[in-house]
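What the coordinates show
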Amino acid sequence: MQPCVPFSFKASRGAVDAQFVRFASWGWAGGRGPGPAGTLGPLPLRPRPRPRPRPRPRSGKDPGARAGPGRPQPGEAPGPGRAGRGGAEPRREAGSCVSLTRGKEAAPRPGAGGLAARAPRHVRRLCREAAAAGGRASRGRAREEPGVGRRRGPARAGFFCGRAACARVPGPEVRRAGAAMGRRWGFLVGLVGAVWLLGPSHGEQRPPETAAQRCFCQVSGYLDDCTCDVETIDRFNNYRLFPRLQKLLESDYFRYYKVNLKRPCPFWNDISQCGRRDCAVKPCQSDEVPDGIKSASYKYSEVANNLIEECEQAERLGAVDESLSEETQKAVLQWTKHDDSSDNFCEADDIQSPDAEYVDLLLNPERYTGYKGPDAWKIWNVIYEENCFKPQTIKRPLNPLASGQENTFYSWLEGLCVEKRAFYRLISGLHASINVHLSARYLLQETWLEKKWGHNITEFQQRFDGILTEGEGPRRLKNLYFLYLIELRALSKVVPFFERPDFQLFTGNKVHDAENKMLLLEILHEIKSFPLHFDENSFFAGDKKEANKLKEDFRLHFRNISRIMDCVGCFKCRLWGKLQIQGLGTALKILFSEKLIANMPESGPSYEFHLTRQEIVSLFNAFGRISTSVKELENFRNLLQNIH
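Residues numbered from 1 in each chain as written. Predicted model: local features only at pLDDT ≥ 70, side-chain atom pairs only at ≥ 80, totals over all residues. Heavy atoms only, no water.

For the protein chain, the helix and strand inventory stands at 21 helices and six strands. Out of the 644 residues belonging to the protein chain, those deemed buried represent 48%. Of the contacts made within the protein chain by residues no fewer than 6 positions apart, 74% connect residues no fewer than 24 positions apart. (Helix = DSSP H or I, 4+ residues; strand = E, 2+ residues; numbered from the N terminus. Buried < 20%, exposed > 50% of the residue type's maximum accessible area, 1.4 Å probe, protein only. Contact = heavy atoms within 4.5 Å.)

See the structure below:
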């Protein structure tokens, strides 16, 4: 910008007046209007100047009066109808309120368009002041611009002076160069502004995080120690497996489970029994259980049952040969009874005990019972602190009985071998699954007539929200998916056992038994087709002696947890705890019996590997609980979408 110079005229008074009025109108409109070559470009609107008194015209007439007849302006041809000597009407600049006469401002005709009729008051005042200034006498003659008349006065060429500001009138080349530079600067400023606006601290305010994001944002992608991702499990379970599995578990063979809920706790005596009505378990009457389930011939077909009779006959013949009788008796005992061999991971109930009773699992569902507080914390604390290969100095996160401890748990966990790390994740996944069930079937309302059960969103958030649990809740949910993969893998490996023609889900109803076995095989083959199964070959690998010792420790720790279930004060919690622990123990037994399964005979009993009905029922019901948890996670995810 060139420095300002005193007011001067460089062209005819009409051109200066038009330029000034155009400048004022552009400043008022805030835009860039077209103009002849050599005129001023758009300038910012300056503060409105203080009004100055209108100068009195020399002729003594009002400057706003219409100019009288006179000679035409330079460069203007006289035309017909012009008053006076030129014979033509005074010429007006387009959009201007100033007539290009020699001395005075021309008043606009009534009803005529133009700036004077539609401009704001301060612009019209500038018009009048410019017209008054143009009427003053000036010395000298200004350089004549193309298309502009002559003016007199000491003007410097190339300058246009207004009342409030002075600026040099740029030429076409200067204007083009200035416009190009302006575009470059505008692009640069716009780019910097966009980066600033899109930055994390100055960008558009992000919507608050939803409760679903806090619970499930980290529950995605691949699982630790696995090649499978959460999304694949969700699709496979929720849409291909869950509906058929629920239908199978509703059949008579899988709904009746024999359990002894009266066994004493082997670790402490001060067990406070839950007195709530929802903690109670209603056992079955003797006539409610199908006869085929209660009889001794529930496991195999008639061919296998005939083989039992042959064994019994061989036992009677053993009175002559005692050694033969003893071997046969041991074989029959292994087949007809469940013994705690080295391959079993659980201490199962003695179903022959008079205290063992059949329970209908459909009439005693797993749901919220109100059993909580120090008694429940004590059960889980003993499981985690004494049976998960953890030293006493390391405390698990959010332990209500050991608050205020420095959290070094996960740094310690990552340093464990894969078998011990998997052991903890299995227990944590089972714990998470139980909490999902309690939140999904929560007592929402109780009246004299009925009870209303449903999803308790607040309870779910307290157990799994990433903020409320300090990041522990999402980790537990991922451990639930890990547990799902372990049991899914076990079911895929035990398919040959159920495919044998002499095996049936015997209840006494041949039609239903055949249909249930067909449905069972469909589910098992669907499970076998899962593309991303867990690879258990990494377990107990390496040195054979060390691997066997580690496997034995693994089995003993798990058997100890199965015994802790007898210390649970809530009977319904004890029922489902014993069932799910036995189901998980059966899955581990299958995983580590691959060679025994491969060597099974195609027909007849298998002496090296066999499953009792208790193990079969607990295996599928335990997996059904995990499958239900995965399905309920989708329901909770939808319920928490619009909650902040």
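On we go from here.
Before going further, it helps to spend a moment on the pattern of salt bridges. One pass over the structure, following the stated rule, counts 25 salt bridges. With a shortest N-O distance of 4.0 Å, Glu347 and Arg559 are connected by a salt bridge. Pair noted here: Glu347 is in the loop between helix H10 (322–336) and strand S4 (357–360) and Arg559 is in helix H18 (residues 544–564), with a separation of 212 residues, a long-range link. A relative accessible area of 24% places Glu347 in the partly exposed class. By relative accessible area, Arg559 is classed as buried at 13%. Arg625 is the partner of Glu366 in a salt bridge, and the nearest nitrogen-oxygen pair spans 3.3 Å. Of the two residues, Glu366 is situated in the loop between S4 and helix H11 (374–387) and Arg625 in helix H21 (residues 613–639); the sequence distance between them amounts to 259 residues. (Salt bridge = Lys/Arg side-chain N within 4 Å of Asp/Glu carboxyl O.)

This part is about unusual backbone geometry. Across residues other than glycine, the phi torsion is negative in most instances, and most of the peptide bonds are trans. At Phe389, a residue that is not glycine, the phi angle is positive and equals roughly 55°. Along the chain, the position of Phe389 falls in the loop between H11 and helix H12 (409–414). Positive phi, close to 55°, is recorded for Glu470, a residue that is not glycine. Among the secondary structure elements, Glu470 is positioned in the loop between helix H14 (457–464) and helix H15 (472–493). Under the relative-accessibility criterion, Glu470 is labelled exposed at 66%.

Here H15 contains 22 residues, and its C-alpha end-to-end distance of 32 Å stays within 8% of the 32 Å for a straight helix at 1.5 Å per residue. The element H15 is extensively covered by neighbouring structure, given that 20 of its 22 residues are classed as buried. (Expected span 1.5 Å × (residues − 1).)

So, about the confidence of the model for the protein chain. Scored by pLDDT, the protein chain comes out at a mean of 73, with 62% of its residues at no less than 70. Considering only residues more than four positions removed or in separate chains, one finds that residues 297–309, a stretch of pLDDT under 50, has 29 contacts. Contacts from residues 335–341, a stretch scored under 50 in pLDDT, to residues over four places away or in other chains number 17 contacts. (pLDDT = per-residue confidence, 0-100.)

Right, let's talk about the packing of aromatic side chains for a bit. Scanning the model with the defined rule gives 27 aromatic pairs in all. With a centroid separation of 6.3 Å and an interplanar angle of 85°, the aromatic rings of Phe423 and Phe558 are classed as edge-to-face. With Phe423 in helix H13 (residues 418–440) and Phe558 in helix H18, this residue pair connects regions lying 135 residues apart in the sequence. Phe558 carries the same exposure label as Phe423, and that label is buried. Three or more aromatic residues link up through ring pairs in this structure, and these residues are Phe345, Phe389, Phe423, Phe482, Phe534, Phe539, Phe554, Phe558 and Phe592. Sitting over the ring of Phe482, Arg425 keeps its end group 4.2 Å from the ring centre. Lys631 extends its terminal NZ or CZ atom over the ring of Tyr239, reaching a point 5.8 Å from the ring centre. (Phe/Tyr/Trp six-rings, centres within 6.5 Å; stacked < 30°, edge-to-face > 60°. Lys NZ or Arg CZ within 6 Å of the ring centre and 35° of its normal.)

It is the contact of helix H6 (residues 230–249) with H21, at a shortest axis distance of 9 Å, that shows an interaxial angle of 130°. In terms of orientation, H6 lies oblique with respect to H21. Every pair of crossing elements has a handedness; the one defined by H6 and H21 is left-handed. Between H6 and H21, the residues in contact are Asp234, Asn237, Asn238, Tyr239, Leu241, Phe242, Leu245, Gln246, Leu248 and Leu249 and Phe620, Asn621, Phe623, Gly624, Ser627, Thr628, Val630, Lys631, Glu634 and Arg637, respectively. Here the residues of the contact of H6 with H21 sort into nine nonpolar, seven polar and four charged. (Axes fitted to C-alpha atoms, helices over the stretch in contact; angles between N-to-C directions. Parallel < 35°, antiparallel > 145°, perpendicular 65-115°, else oblique. Left-handed = near helix turned anticlockwise from the far one by under 90°. Nonpolar A, V, L, I, M, F, W, Y, C, P; charged D, E, K, R; others polar.)

Taken together, the side chains of Trp185, Leu188, Val189 and Val192 make up a nonpolar region of the molecular surface, amounting to roughly 430 Å² of accessible area. Locating Val192 in the fold gives a position in helix H4 (residues 172–198). On the basis of relative accessible area, Val192 is assigned to the exposed category, the value being 52%. (Patch = residues over 30% accessible without salt bridge, like charges linked within 9 Å, V, L, I, M, F, W, Y side chains within 5 Å. Areas by Shrake-Rupley, 256 points an atom, 1.4 Å probe, with all protein chains shown as cover.)

Put plainly, two cysteines are in a disulfide when a covalent bond ties their sulfur atoms together. Here the structure, examined in full by the defined rule, presents two disulfides. The side chain of Cys274 participates in a disulfide bridge whose partner is Cys279; the two sulfur atoms lie 2.2 Å from each other. Residues Cys274 and Cys279 are joined by a disulfide whose S-S torsion is about 60°; by sign, that bridge is right-handed. On the basis of relative accessibility, which here comes to 0%, the residue Cys279 falls in the buried class. (Disulfide = S-S within 2.5 Å.)

We now examine the environment of Gly624. Relative to the elements of secondary structure, Gly624 occurs in helix H21. Judged by its relative accessible area of 1%, Gly624 is buried. Each C-alpha atom of the pair Gly624 and Leu249 lies 7.7 Å from the other, and the pair is 375 residues apart in sequence. Excluding anything up to four places from it in sequence, Gly624 contacts Leu245, Gln246 and Leu249.

So, about the environment of Ala280. Inspection of the secondary structure puts Ala280 in the loop between strand S3 (256–259) and helix H8 (291–294). In this structure Ala280 comes out as partly exposed when scored by relative accessible area, which is 43%. Spatially, the C-alpha atoms of Ala280 and Phe571 are 5.7 Å apart, while their sequence positions differ by 291 residues.

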